[in-house]
Structure formats: structure tokens, C-alpha cells
Amino acid sequence: MEIILLLIYSFFVWLIFFKFKWLAWNFVSQIIVVSLPVFALTAMILILNVVAPSSSDIRVVNYVVQIVPRVAGRVIEVPVEANRPVKKGDVLFRIDPVPFQQELSTLEAKVPELSAKLDTAQAYQRELDEQLKSARSAQAAVASRLKLAELREGQTAELARIGAGPKFDHEQAQAEAASLRAELTSTSAQMAQVQQKLSARTGDGELSEVAQARAALQQLDAQIVQARWQLDQTIVRAPSDGSVVNLQLREGSYAANLPLTPVMSFVEQEQWVLAMYAQNELGNIAPGNEAEIALKTQPNRIIKCKVDSVVWASGTGQMPISGMIPQPGDQPIPTGRIAVRLRPAGKDADLLLAMGAQGQGAIYTEHGKLLHMVRKVMIRVSSKLDWLVLKLH
């Protein structure tokens, strides 16, 4: 762009001083003619760097998910192909499910047995409750009969003492009262025995046998849920839209569920376009500003973007947590650049860019809009130069 402006300026100088000779070509005019474009271009570039800052370091980055299976086993199928797009939920590979299916079947076979134990324990608790209720009723009946027998014993004793009744009746009343006392003692012992069996209860009022059977069944249910989850994890699916790169997993391979040994790398379709800027170039950049980028993978194409956000963080400002006091060092910390995140907009919103693509671009702020056209021309001229492949072989 600077060369074009200089050529236009030279054309007008030629017209004024040589073609029509409107002005004299002397030492003063020569100094003015030479210095004027230098100062003008310098001022224009300095203003452009503030109102429409450019970056020669544009990067396209993608999230990469390291695929690690949640269960270990032999791989029986790998239906995906490398560098081919896949949708979220598509199967990436399958692990032999037979061992996990057998474990699940073994656990499910134990359910009827533990359920029967729980039913038996609950029936036993109901039986004890009925026995306690019956013992209490029997005790109350015997106690009532004993009270009547003791009353009769007293009455017959009084009659026998005054001679108004036979002594035999008194002895019979005594025998009956004694028999009822023995029966009451036996009934009380039976009730105490049932109460002793029912004393081992939990906080919820369940018998300990019932609580143990219920806990065993609940533990088995949890194991079954875990086994079903493990069986489901034998099918590994794509976490999002994207593609698998450098696919080396094959049928027959052993996939281990170790975080440090992923079986494949999955590149998500979601992309970030980062423009790296010097720290003093960010003063006028704000979210929503228009931007344009030109990538070397797509020569002579301008991709429209919008500023998503400024990543107000740099690695040079990071202080890791440790027990050591940071040392300042002998050398100064290098100046860190700040990244600006861009999003393709308009017709380029769904454009799939190559991961790792690099190029250049510019952001057009809300200031100095008259000069934005100069920066746009500069970007377009530079993008045309990307057609040149400067190799001699």
C-alpha cells in the first residue's frame, strides 16, 4: 500500500514539476518533495496502528481431547477413519463387552436370593410383632383372672374362718390362684423373650435382620448400576463434532484406562482465532469491533470476523503456587503479548478453518474510520502475495 501511495505521489510530482512545470525544481522544492511523503506516511502508519491495529500473528487453534477409555479391555472394532468428520455421539471404537456382561449377569442373578432374604426377615419381624401382641393379650387375661382368683381366695378364707363356708373351697381357691400366678410368670417370660428379640432395632424401627438384608440388597443394586455403567463404557463415542487425527488404534489392541496413555486424539470442530498484539495496541479494541484476517491456507481471501474478547492474561504474569520464594533473576522478563479472540462472522461464520493455520489481520476500532480503508487495502494486497510460493525446488 505504501508503494502505491508513493507511486501516486510521484506521478503528481512529475506532473507539477516536470510535465507542466508549475513549480520550479530547486533545492527547496526537492527537500519538500522528499520529506513530505516520509512524514506523511510515518504519521499515517502511526495513526493506523492505533485506530486499526494489525497483527502478523493470526492463529487458528482447536480444542484437542485426549480419548482415554473408562474401562480397559481388548478393542474389537474401530469404525472411524482418520481425518474424517464425525458427529457428536458417533462410535469411535468398541471394547470387548463379554467380561462386563458376565459380571452384570452374575450380579443380577443374586437379586432374587437377597430379595427372598429380605422378605423372610420382614416376615420374621411381623411374626415377632404378632407374638408380642399375643403375649401381651395373654398376660392381660391371666392378670385379670388372677386378680379375680385372689379376690375369691380372700373371700373363701374369710368364710372358712367364721365357719360359713367349707375349708375345701378355700383350698381350691388357693390352688387356682397359685396356678394363675405360675401361668402369669410363664406368659411374662414369653413376652420378655419376644421383646428381647425385638430390641435389636435400627433408628428407623426395623429389625436388625431386616436392616442387614436391605443393606445387602442395596449394595447389590449399587454394584449392578456400576456394572451396567462399565458395560456401557465399552462403547466410546465422540464427545463433540470433530475428527480423529493420527489414528493408530486397531482391532485387537488393548485399551487401558490410564490418563497418561490416551488411545487417540480427537480434534473438536469448535475453533478459536487468536490475534496476537503488543500490549500498547489494545487501547481502542473492544468486543464487537469489525476485523479481517487473511490466512496463508486460503490465499487472496479475506475472512470477516468480529472481536469476541480480549484475553487479558499472559504467561509472563503467571506466578505458580509453591513453597519457594520467586527469584527475580538476572535477565528482565520479556514483554508478553496479549491475545484477542476473533469469531468469523457473516457468510464466513460457519467456515471451517485449518487447525494451526496462520496469517495476518487487522481490527477496525470505532476511531479513525476514514483511515480504515487504507488498512483494508494493505490487507488485501498482502493476501494476494500469499499466492507466491517462494521456493527454488
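Residues numbered from 1 in each chain as written. Predicted model: local features only at pLDDT ≥ 70, side-chain atom pairs only at ≥ 80, totals over all residues. Heavy atoms only, no water.

K.L.:
For this particular structure, what's the right way to read the nonpolar core?
P.N.:
Most often, soluble globular proteins have nonpolar side chains that are buried together. One finds Ile 67, Leu 92, Phe 93, Leu 249 and Met 264 to be the most contacted residues of the largest nonpolar core, which totals 33 residues. Elements with a minimum of two residues in this core: β4 (91-95), α3 (98-109), α4 (111-162), α6 (208-232) and β8 (264-277). With seven residues, α6 is the largest single contributor of residues to this core. Ignoring any residue separated from it by four or fewer positions in sequence, one finds Ile 67 in contact with Leu 92, Phe 93, Val 236, Pro 239, Pro 262, Val 263, Met 264 and Phe 266. (Core = buried A, V, L, I, M, F, W, Y, C linked by side-chain atoms within 4.5 Å. Buried < 20%, exposed > 50% of the residue type's maximum accessible area, 1.4 Å probe, protein only. Helix = DSSP H or I, 4+ residues; strand = E, 2+ residues; numbered from the N terminus. Contact = heavy atoms within 4.5 Å.)

K.L.:
Can you walk me through the pairing of β4 in this structure?
P.N.:
On a regular strand, one side chain projects to one face of the sheet and the next to the other, so that they alternate. Judged by how many residues are buried, β4 sits mostly within the fold: four of five residues are covered. Across two bridges, the pairing between strand β2 (residues 73-77) and β4 is antiparallel. In the sheet register, Val 75 faces β4, and the bridge partner there is Ile 95. Sheet topology note: the β4/strand β5 (residues 235-237) ladder contains three bridges and is antiparallel. Residue Phe 93 lies in a different strand from β5, and its bridge partner there is Val 236. (Pairing = 2+ DSSP bridges.)

K.L.:
Help me understand the side chain of Asp 57, please; the structure alone is not making it clear to me.
P.N.:
Secondary-structure assignment places Asp 57 in strand β1 (residues 54-67). When its relative accessible area of 11% is taken as the criterion, Asp 57 is described as buried. A distance of 2.7 Å separates the side chain of Asp 57 from the side chain of Arg 337, its partner in a polar contact. Beyond its immediate chain neighbours, meaning those up to four positions away, Asp 57 contacts Leu 274, Ala 275, Met 276, Arg 337 and Gly 359. (Polar contact = N/O pair within 3.5 Å; in protein donor to acceptor, adjacent residues only side chain to side chain.)

K.L.:
When you look at a nonpolar patch on the surface in this model, what are you seeing that I'm missing?
P.N.:
A contiguous nonpolar surface patch, about 630 Å² in accessible area, is contributed by Ile 8, Phe 11, Phe 12, Trp 14, Phe 18 and Trp 25. Among the secondary structure elements, Ile 8 is positioned in helix α1 (residues 2-19). (Patch = residues over 30% accessible without salt bridge, like charges linked within 9 Å, V, L, I, M, F, W, Y side chains within 5 Å. Areas by Shrake-Rupley, 256 points an atom, 1.4 Å probe, with all protein chains shown as cover. Salt bridge = Lys/Arg side-chain N within 4 Å of Asp/Glu carboxyl O.)

K.L.:
Help me understand the packing of aromatic side chains in this model?
P.N.:
To describe a pair of aromatic rings, you give the distance between the ring centres and the angle between the ring planes. Per the stated rule, a full pass over the model turns up one aromatic pair. Consider the rings of Tyr 63 and Trp 272, whose centres lie 6.1 Å apart with planes at 90 degrees: the pair is edge-to-face. Here the residue Tyr 63 occupies a position in strand β1, and Trp 272 occupies one in strand β8, the gap between them amounting to 209 residues. Taking relative accessible area as the criterion, Tyr 63 reaches 39% and is therefore assigned partly exposed. What makes Trp 272 partly exposed here is its relative accessible area of 22%. When the ring centre of Trp 272 is taken as origin, the NZ or CZ atom of Arg 341, which lies over that ring, is 3.5 Å away. Looking at Lys 376, its charged tip hangs above the ring of Tyr 364, at a distance of 5.2 Å from the centre. (Phe/Tyr/Trp six-rings, centres within 6.5 Å; stacked < 30°, edge-to-face > 60°. Lys NZ or Arg CZ within 6 Å of the ring centre and 35° of its normal.)

K.L.:
When you look at the sheet that holds strand β7 (residues 254-255) in this model, what are you seeing that I'm missing?
P.N.:
Strand pairing in a sheet takes place through backbone hydrogen bonds and is either antiparallel or parallel in direction. Taken together, four strands build an open sheet; the order of strands is β5-β4-β2-β7 and the sheet is antiparallel. In the strand order of this sheet, the two ends are held by β5 and β7, each with one partner.

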